[in-house]
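Below are the chains, spelled out letter by letter.
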Amino acid sequence: MSSRRSWLKQTSLAFVSLGIVPLESFAIPKTENSINEETNLNPIRLRSNENPYGPSALARDAMSKNINSSNRYNWDLTSELISKIAEKNNLVAENIILGAGSTEILDLVARYCAINKGSFILADPTFNYWTEIAEKLGLKKITVPLTEDKHHDLSAMLKAIEPDTRMIYICNPNNPTGTICEREALVNFINEATKKVIVLVDEAYIDFTNQKSLVNLVKENKNLIIAKTFSKMYGLAGARIGYGIANSGTIEKISQLQSWSNGSVSVASVSGALASIKDDKFVSETYLLNEKARKYTIEQLERLKIRCIPSHSNFVYFSLANYNKDFFERLEKNNITGTKIYEENGKWSRITIGTMKEMQQFIKVLE
Ligand SMILES: Cc1ncc(COP(=O)(O)O)c(C=O)c1O
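The name given to the chain in an unreviewed UniProt entry is histidinol-phosphate transaminase, with Flavobacterium rhamnosiphilum as the source organism. UniProt lists a comment for the chain under the heading Subunit (unreviewed entry), and it reads "Homodimer." Under the heading Sequence similarities (unreviewed entry), UniProt records this for the chain: "Belongs to the class-II pyridoxal-phosphate-dependent aminotransferase family. Histidinol-phosphate aminotransferase subfamily."

Caption draft 1: Looking closely at helix α9 (residues 267–277). Counting buried residues in α9 gives 11 out of 11 residues, a clear majority hidden from the surface. Where α9 is concerned, the buried positions are Val267, Ala268, Ser269, Val270, Ser271, Gly272, Ala273, Leu274, Ala275, Ser276 and Ile277. Residues of α9 that are buried make contact with α2 (57–66), α3 (75–88) and α10 (280–303).

Caption draft 2: Structural view of the site of the ligand. With respect to spatial proximity, 13 residues lie near the ligand, and among them Thr103, Asp202, Tyr205, Thr229 and Ser231 are the closest. A distance of 2.6 Å separates an oxygen atom of the ligand from a polar side-chain atom of Ser231. Note that an oxygen atom of the ligand is positioned 2.7 Å from one of the side-chain N or O atoms of Arg240. Across the complex, the protein chains shield 91% of the 390 Å² of accessible surface that the ligand would expose by itself. Tallied by class, residues from the shell around the ligand come to 4 nonpolar, 6 polar and 3 charged.

Caption draft 3: Broad picture of the UniProt feature "domain: Aminotransferase class I/classII large" (unreviewed entry) in the chain. Here the UniProt feature "domain: Aminotransferase class I/classII large" (unreviewed entry) sits at residues 44–365. Along residues 44–365 the backbone is 37% helical and 19% strand, and the end-to-end C-alpha distance reaches 12 Å.

Caption draft 4: Focus on the domain arrangement of the chain. Annotation of the chain at the domain level lists domain 1 (1–30), domain 2 (39–55 + 280–366) and domain 3 (58–277). Relative to domain 3, the C-alpha centre of domain 2 lies at a distance of 25 Å. Opposite the 26 residues of domain 2 that make contact, domain 3 presents 26 residues. Summed over both sides, the interface of domain 2 with domain 3 buries roughly 2,100 Å², with 60% coming from carbon and sulfur. The three residues of domain 2 that bury the most area against domain 3 are Pro55, Tyr287 and His312, which together make up 29% of that side's buried surface. Taken together, the connections running from domain 2 to domain 3 amount to 1 salt bridge. Broken down by secondary-structure element, the contributors of at least two residues to the side of domain 2 that touches domain 3 are α10, β10 (315–319), β12 (341–343) and β13 (348–352). Broken down by element, the residue count for the side of domain 2 that touches domain 3 peaks at 7 residues, all from α10.

Conventions adopted
Residues take numbers from 1 onward in each chain, read along the sequence in its written order. Local features in this predicted model are restricted to residues of pLDDT 70 or higher, and side-chain atom pairs are both shown and tallied only at a pLDDT of 80 or more, whereas totals for entire chains, interfaces and linings draw on every residue. As a rule here, side-chain values cover all heavy atoms of the structure and leave hydrogens and water aside. UniProt positions are given in the numbering used here, feature names are shortened, and annotations may be inferred rather than shown by experiment. Partly exposed residues are those whose accessible area sits between 20% and 50% of the maximum for their type, while under 20% is buried and over 50% is exposed, using a 1.4 Å probe and protein chains only. Here a helix means four or more residues in a row that DSSP labels H or I, a strand means two or more in a row labelled E, and each is numbered from the N terminus. The criterion used for residue contact is that any of the two residues' heavy atoms lie within 4.5 Å. If even one non-hydrogen atom of a residue comes within 4 Å of a molecule or strand, that residue is called near it. Counting of polar contacts relies on pairs of N or O atoms within 3.5 Å, with two restrictions inside protein: one atom must be capable of donating a hydrogen and the other of accepting it, and residues adjacent in sequence are counted only when both atoms are side-chain atoms. Where accessible areas are quoted, they stem from the Shrake-Rupley method and a 1.4 Å probe; at the residue level, only the protein chains shown are allowed to cover. Polar here means any residue other than Ala, Val, Leu, Ile, Met, Phe, Trp, Tyr, Cys and Pro, which are nonpolar, and Asp, Glu, Lys and Arg, which are charged; Gly is therefore polar. The start and end points of each domain follow an automatic or database-based domain assignment. Defined here as a combined quantity, buried area equals the accessible surface (1.4 Å probe) lost by two parts on assembly, summed across both. The working definition used for a salt bridge is a side-chain nitrogen of Lys or Arg within 4 Å of a carboxyl oxygen of Asp or Glu.

Below, the structure is given as structure tokens:
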């Protein structure tokens with residue numbers, strides 16, 4: 001089949017070069033699956049929890065078509081995206097703010113909380129790229145260790161609230177551990193904590209789980225902010241587009257810290273997001289492919305005596321304490337990028353789940 005295909009392709013290319021037929025006439029027919037699983041194994045990028053299959057075909061198409069409108073400002077398209085996000089979440093446009101990735105949303109919340117100085121609380125380890133800015137702006141960082149099994153210690157986080165605490169950050173599922181808070185416990189925690197502080201829940205990886213988002217709670221709770229992104233499940237990390245969801249009054253206050261509200265996203269990235277948000281097929285295919293490759297990776301790592309934390313995301317957290325070869329040297333020699341050690345004590349590291357072929361290559365390198 002594949003040699004017939006390549007023969008057809010070569011013959012067609014010869015006709016094309018003679019100017020006999022247009023190139024599109026010989027496009028290889030699409031398979032049932034909308035995801036192209038072909039993998040370029042050099043280099044293998046397993047560092048940043050990107051989607052190895054994205055952007056979806058619909059997003060690519062929309063982005064390339066809309067490149068031509070890049071001479072115009074993005075207002076119409078951003079309004080359309082905001083309405084679509086609101087509709088999808090049973091909310092209104094006033095509950096949504098767009099940013100160049102959810103990093104911008106995290107930054108805005110940090111800046112908002114820093115206006116009156118004070119402190120903020122987060123787990124250790126968790127996603128903390130944005131905290132340096134928060135500290136530079138004068139907020140004191142309070143860290144609360146994860147539990148033994150690498151979950152958020154919600155009761156310890158409640159106890160850590162000080163009189164000047166402005167905000168608690170919860171990454172659910174947590175990066176780098178892939179653990180998820182039990183929903184009822186998280187809702188109870190939010191109800192309690194938001195009596196005193198803002199709770200910022202980062203749902204960058206929630207689409208890889210079967211847990212429902214918390215967005216429905218923002219209508220009743222002005223101290224709850226949810227950060228979401230198109231970078232992970234939708235495969236648009238390089239397009240830089242994310243959003244925040246909160247009570248309308250809270251969104252209004254945060255928006256005042258953006259010189260141009262919703263203005264930092266490009267026409268191309270908004271077009272990609274608009275196409276992606278409707279692409280349920282791509283989402284369910286990515287979900288299943290990730291689940292399969294994650295299961296394989298955990299089984300194989302455990303076979304190699306590498307202890308893994310059960311993951312609800314597109315990455316796995318594991319301990320290198322019983323692995324007596326040089327993990328990082330092996331990755332480097334084989335052109336695989338992984339992540340550093342997060343907790344020296346126990347030598348905990350993280351690997352992103354790539355395609356099945358990438359994970360097979362990763363395991364081969366470790367053997
Ligand atoms: C938990 C978490 N939140 C937010 C981000 C930022 O993503 P982006 O700015 O691409 O939306 C990341 C990126 O890795 C992440 O892991």
